[in-house]
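Coordinate inspection notes
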Amino acid sequence: QVQLAESGGGLVQAGGSLRLSCAASGRTLLTYAVGWFRQAPGKEREFVVLISRSGGTTYYADSVKGRFTASRDNAKNTVYLQMNNLKPDDTAVYYCAVDRKNSGSYDYTDYDYWGQGPQVTVSS
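Counting restarts for each chain: residues are numbered from 1 in the order of the written sequence. Local features in this predicted model are restricted to residues of pLDDT 70 or higher, and side-chain atom pairs are both shown and tallied only at a pLDDT of 80 or more, whereas totals for entire chains, interfaces and linings draw on every residue. Side-chain metrics rest on all non-hydrogen atoms present in the structure, leaving aside hydrogens and water.

Below, the discussion takes up unusual backbone geometry. Positive phi is not limited to glycine here, since N85 has a value of about 50 degrees. Secondary-structure assignment places N85 in the loop between β8 (78-83) and β9 (92-99). A simple rule labels every residue: compare its accessible area, found with a 1.4 Å probe on the protein chains alone, to the largest value its type can have, and call it buried under 20%, exposed over 50%, or partly exposed in between. For N85, a relative accessible area of 42% gives the class partly exposed. Unlike most non-glycine residues, N102 shows phi in positive territory, near 50 degrees. By the criteria applied, helices consist of DSSP H or I runs no shorter than four residues and strands consist of E runs no shorter than two, each listed in order from the N terminus. Residue placement: N102 occurs in the loop between β9 and β10 (113-114).

Below you can see the structure in the form of structure tokens.
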């Protein structure tokens, strides 16, 4: 299995930027599709972006399209989520996750391994 260690959460003002990192150990991320999800207080966990196993294709939720960019650094066995022009509605716990089946699902229940979910807080 793969262990996922996240970093980069914190507090920023609206309009600012953060970059989340998700570093894998145990197995190369080349084996898996990787998803980013978030969960705000009182809401269900929602899809943010999917990175294909090859890293060549990404799919973004409409709520973050044009503002967030996901990428892979295969040499570092790490995926990133660059978040620009952050809004207060982006405030959530953010999770990276691995889908062993590489199903391409946007549903968090299809993912098997999860990061610890650091908090991202965007103030007005």
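To summarise the sheet geometry, strands pair through backbone hydrogen bonds and adopt either a parallel or an antiparallel arrangement. Should DSSP find at least two bridges between two strands, the strands are regarded as paired. Read across the sheet, four strands follow the order β1-β3-β8-β7 without closing on themselves; strand pairing throughout is antiparallel. The open sheet has two edge strands, β1 (3-7) and β7 (68-73), and neither has a second partner. With direction set aside, neighbouring strand axes in the sheet form an average angle of 15 degrees. The sheet contact formed by β7 and β8 spans six bridges and is antiparallel. If you follow R72 over to β8, its bridge partner there is V79. In this analysis, axes come from line fits to C-alpha atoms, helices being fitted only over the stretch in contact, and the angle between any two N-to-C directions falls in the range 0 to 180 degrees.

Turning our attention to the state of the cysteines. Any pair of cysteine sulfurs within 2.5 Å is marked as a disulfide. The full count for this structure, using the stated rule, is one disulfide. In this model C22 forms its disulfide with C96; the gap between the sulfur atoms is 1.9 Å. Here the S-S torsion is close to 70 degrees, and the disulfide linking C22 with C96 is therefore right-handed. Taken as a pair, C22 in strand β3 (residues 18-25) and C96 in strand β9 lie far apart in primary sequence, 74 residues in all.

Of all hydrophobic cores here, the largest spans 36 residues; its most connected members are L4, W36, L81, M83 and Y94. Those elements that provide at least two residues to this core are β3, β4 (33-39), β5 (46-51), β7, β8, β9 and β11 (119-123). Put simply, buried Ala, Val, Leu, Ile, Met, Phe, Trp, Tyr and Cys residues joined by side-chain atoms within 4.5 Å make one nonpolar core.

Now for the side chain of T78. With respect to the secondary-structure elements, T78 resides in strand β8. The class of T78 is buried, set by a relative accessible area of 8%. Polar contacts here mean pairs of N or O atoms no more than 3.5 Å apart (in protein, one a potential hydrogen donor and the other a potential acceptor; neighbouring residues in sequence count only if both atoms are side-chain atoms). Within the local environment of T78, its side chain forms a polar contact with the backbone oxygen of K76, the two atoms lying 2.9 Å apart.

Time to look at the pairing of β7. If a strand is regular, its side chains alternate between the two faces of the sheet. Residues of β7 alternate between two faces, with F68, A70 and R72 buried on one and T69, S71 and D73 left unburied on the opposite face. As consecutive antiparallel partners, β7 and β8 are separated by four residues, and within that stretch N77 has a phi angle of approximately 55 degrees, a positive value.

Only rings of Phe, Tyr and Trp enter the pairing, Trp through its six-membered ring, and a pair is recorded when the two centres are within 6.5 Å. The plane angle decides the type: under 30 degrees is stacked, over 60 is edge-to-face, the rest tilted. Under the counting rule described, the total for this entry stands at seven aromatic pairs. Ring centres 4.2 Å apart and planes at 10 degrees place the aromatic pair F47 and Y106 in the stacked group. With F47 in strand β5 and Y106 in the loop between β9 and β10, this pair connects stretches of sequence that are 59 residues apart. Residue F47 is classed as buried on the basis of its relative accessible area of 11%. Relative to Y106, the ring of Y59 lies with its centre 6.4 Å away and its plane at 45 degrees, an arrangement referred to as tilted. Of this pair, Y59 sits in strand β6 (residues 58-60) while Y106 is found in the loop between β9 and β10, placing the two residues 47 residues apart along the sequence. With relative accessibility at 43%, the residue Y106 sits in the partly exposed group. Only when the NZ of Lys or the CZ of Arg is both within 6 Å of the ring centre and within 35 degrees of the ring normal is a charge said to sit over the ring. Directly above the aromatic system of Y95 lies the positively charged group of R45, at a separation of 4.0 Å from the ring centroid. In this arrangement the basic side chain of R45 is found over the ring face of W114, its NZ or CZ atom lying 4.9 Å from the centre.

Keep in mind these values describe shape, not function.
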